[in-house]
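Chain by chain, the residues:
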Amino acid sequence: MTIQVGDKIPSVNLLTMTADGRQTVSTDELFKGKKVVLFAVPGAFTPTCSEQHLPGFITYADEIKARGVNTIACIAVNDVFVMDAWGKNQNVGDKIMMLADGDGEFTKALGLELDLRGKGLGVRSQRYAMIVEDGVVKSLQIDPPKTFEISKAEAVLERL
Ligand code: BEZ
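Residues numbered from 1 in each chain as written. Predicted model: local features only at pLDDT ≥ 70, side-chain atom pairs only at ≥ 80, totals over all residues. Heavy atoms only, no water.

Identification of the protein as Glutathione-dependent peroxiredoxin from Microseira wollei NIES-4236 is taken from an unreviewed UniProt entry. Turning to the protein, the UniProt annotation filed under Catalytic activity (unreviewed entry) states: "a hydroperoxide + 2 glutathione = an alcohol + glutathione disulfide + H2O". In the Sequence similarities (unreviewed entry) part of its UniProt record, the protein is described as follows: "Belongs to the peroxiredoxin family. Prx5 subfamily." (UniProt positions renumbered as here; feature names shortened; annotations may be inferred.)

Draft legend 1. Inspection of the site of the ligand at higher detail. P42, T46, P47, T48, C49, L121 and R127 make up every residue found near the ligand. Ranked by residue count, the leading element in the shell around the ligand is helix 2 (residues 47–66), at 3 residues. Classifying every residue of the shell around the ligand gives 4 nonpolar, 2 polar and 1 charged. (Near = heavy atom within 4 Å. Helix = DSSP H or I, 4+ residues; strand = E, 2+ residues; numbered from the N terminus. Nonpolar A, V, L, I, M, F, W, Y, C, P; charged D, E, K, R; others polar.)

Draft legend 2. Here's a closer look at the nonpolar core. Judged by nonpolar contacts, the single largest core of 26 residues is most densely connected at F39, L54, F57, I72, C74, W86 and I96. Filtering out sequence-adjacent residues up to four positions away, F39 remains in contact with H53, L54, F57, I72, A73, C74, I75, I96, Y128 and A129. F31, V36, A40 and I75 belong to the second largest nonpolar core, which has 21 residues in total. (Core = buried A, V, L, I, M, F, W, Y, C linked by side-chain atoms within 4.5 Å. Buried < 20%, exposed > 50% of the residue type's maximum accessible area, 1.4 Å probe, protein only. Contact = heavy atoms within 4.5 Å.)

Draft legend 3. The pattern of salt bridges, seen in detail. Using the criterion set out here, one finds 5 salt bridges in the structure. Across the salt bridge formed by E133 and K35, the nearest N and O atoms sit 4.0 Å from each other. Taken together, the positions of E133 in strand 8 (residues 127–133) and K35 in strand 3 (residues 35–40) put the pair 98 residues apart, joining distant regions of the chain. Residue K88 pairs with D84 through a salt bridge whose shortest N-O separation is 2.9 Å. Pair noted here: K88 and D84 are both in helix 3 (residues 80–89), with a separation of 4 residues, about one helical turn. (Salt bridge = Lys/Arg side-chain N within 4 Å of Asp/Glu carboxyl O.)

Right, dumping it as structure tokens:
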């Protein structure tokens, strides 16, 4: 079943890279008491994600945060080293938190898997963006496979 507006974000551990190395981030900690924009991509370094999706959130990060968002996070079913390398390659700096859902546990718990087996990509995440307040989903925009429209930064801004 796919997560819906009004649902609570499931409790899962993710990974991010810090100056001190890999760090576990529990979703409970990440979302508690905060307004968070979380966007997901099918894969780090893939064309649409690298050329449009992540860059859009970098461009609009200040505007998004000016509307009361504490954290903007990007998640993918990729390992933490890949997410870190992608963030550095895209110069995200401290604008975007790069989250690795390496085992796909979070994506599965949301019911937002994208089956790209047979295409050499395995099971990934659908492309989506959500606004989460204190752990509860307030807005959820899922782009149908092979499209990129409603999960872009501009579309999120319109909902803030
Ligand atoms: C992309 O362009 O973002 C993409 C391409 C192939 C698979 C997944 C994503």
